[in-house]
Amino acid sequence: MSEHRVKFAALFDAEVRPHNERFRVAAAVTRGEDVLDVGCGTGKSTRDAALASETGHVLGVDVSAAAITRARELGGAAFEVADAQTHPFPARGFDVVLSRFGAMFFADPPAAFANLARALRPGGRLVLLVWQERARNEWYGVLHDAVAPDTTPPPAGPHFSLGDTETTRTLLEGAGFTGVTFTDVAEPVCYGPDSATATEVALGLKDVQELTGSEDAAERLRAAFAAHETPDGVLLGSRAWIVTAVSRG
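Structural notes, computed from the coordinates. This is a predicted model, so every value here is computed, not measured.

## Brief notes about the sheet that holds strand β1 (residues 35-38)
1) Next: The mixed open sheet is built from 7 strands, whose spatial order is β3-β2-β1-β4-β5-β10-β6. Of all the strands in the sheet, the pair left with one neighbour each is β3 (78-81) and β6 (177-185). Mean inter-strand twist for the sheet, computed between neighbouring axes without regard to direction, equals 15°.
2) Next: The pairing of strand β4 (residues 94-100) with strand β5 (residues 120-131) spans 6 bridges and is classified as parallel. By the bridge assignment, Arg100 is partnered in β5 with Leu129.
3) Next: Packing against the sheet, helix α6 (residues 109-119) makes contact with β1, β4, β5, β6 and β10 (240-247), and its axis sits at approximately 140° to β5.

What follows is the structure in structure tokens.
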């Protein structure tokens with residue numbers, strides 16, 4: 001998690017609030033369950049799980065030290081800097097493994113999900129929130145067309161690496177999971193309360209910086225966001241999957 005995302009953590013949480021509510025319900029954490037939250041960022045989803053678990057052990061992990069520092073400041077659960085792909089989690093130590101928009105970024109997905117399967121008790125639940133394929137996400141098209149008009153988009157990045165259902169199903173089954181299901185989440189993302197804030201946030205994103213090629217990119221981006229400004233903020237269309245699976249143990 002970049003320093004920019006840590007700085008605007010509250011806004012990024014607000015960006016996907018409808019998605020998070022669907023994710024929280026799907027996770028269905030109950031009292032006493034032990035939960036591992038992977039790619040937790042500054043810890044919103046971890047704190048939600050801790051409130052639901054009450055007496056269980058709830059741990060959020062992220063590779064970003066800055067994000068974990070902020071998560072610890074906010075409190076509400078245990079947090080640790082760790083790479084879920086290689087970290088030696090206790091075998092069969094958790095009832096639930098969660099990841100809210102974090103699992104797409106594994107460098108070695110088969111190894112990462114196999115490691116998470118080992119960390120789950122037999123019958124334990126994996127619950128992921130991931131973006132669907134890029135073509136189904138309006139927010140990417142708006143960003144690209146504003147900052148790099150008349151250019152061909154680069155190959156889809158890791159944000160969309162779990163968007164194809166059959167590829168993801170095969171990946172998870174090979175890592176030790178069964179009962180893989182996909183639930184469509186069609187909710188808007190909010191880039192900020194107004195076009196000026198949305199532009200400031202977007203210009204700090206790595207993907208946007210890699211696309212930006214001219215001095216007037218900021219003005220084009222502000223105009224694009226203004227066209228999507230509503231009383232509820234700058235809303236762009238998005239599609240995500242809630243992916244659930246069960247550890248074979």
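So much for the structure itself; the text now carries on.
## A few points about the pattern of salt bridges
1) Next: Summed over the entire model, instances satisfying the criterion amount to 13 salt bridges.
2) Next: Two residues, Arg220 and Asp216, come together in a salt bridge whose shortest N-O distance is 2.4 Å.
3) Next: The exposure class assigned to Arg220 is partly exposed, which follows from its relative accessible area of 25%.
4) Next: When salt bridges that share partners are traced, they join Asp34, Asp95 and Arg121 into one network.

## So, the nonpolar core
1) Next: With 74 residues, the main nonpolar core has Phe113 and Tyr191 as its most contacted residues.
2) Next: For this core, the leading source of residues is β5, giving 7 residues.
3) Next: Apart from residues lying up to four places away in sequence, Tyr191 is in contact with Leu11, Glu15, Trp139, Leu143, Ala198, Val201, Leu205, Phe225, Val234 and Leu236.

Cut-offs used in this document
- Residues numbered from 1 in each chain as written.
- Predicted model: local features only at pLDDT ≥ 70, side-chain atom pairs only at ≥ 80, totals over all residues.
- Heavy atoms only, no water.
- Pairing = 2+ DSSP bridges.
- Helix = DSSP H or I, 4+ residues; strand = E, 2+ residues; numbered from the N terminus.
- Axes fitted to C-alpha atoms, helices over the stretch in contact; angles between N-to-C directions.
- Contact = heavy atoms within 4.5 Å.
- Salt bridge = Lys/Arg side-chain N within 4 Å of Asp/Glu carboxyl O.
- Buried < 20%, exposed > 50% of the residue type's maximum accessible area, 1.4 Å probe, protein only.
- Core = buried A, V, L, I, M, F, W, Y, C linked by side-chain atoms within 4.5 Å.

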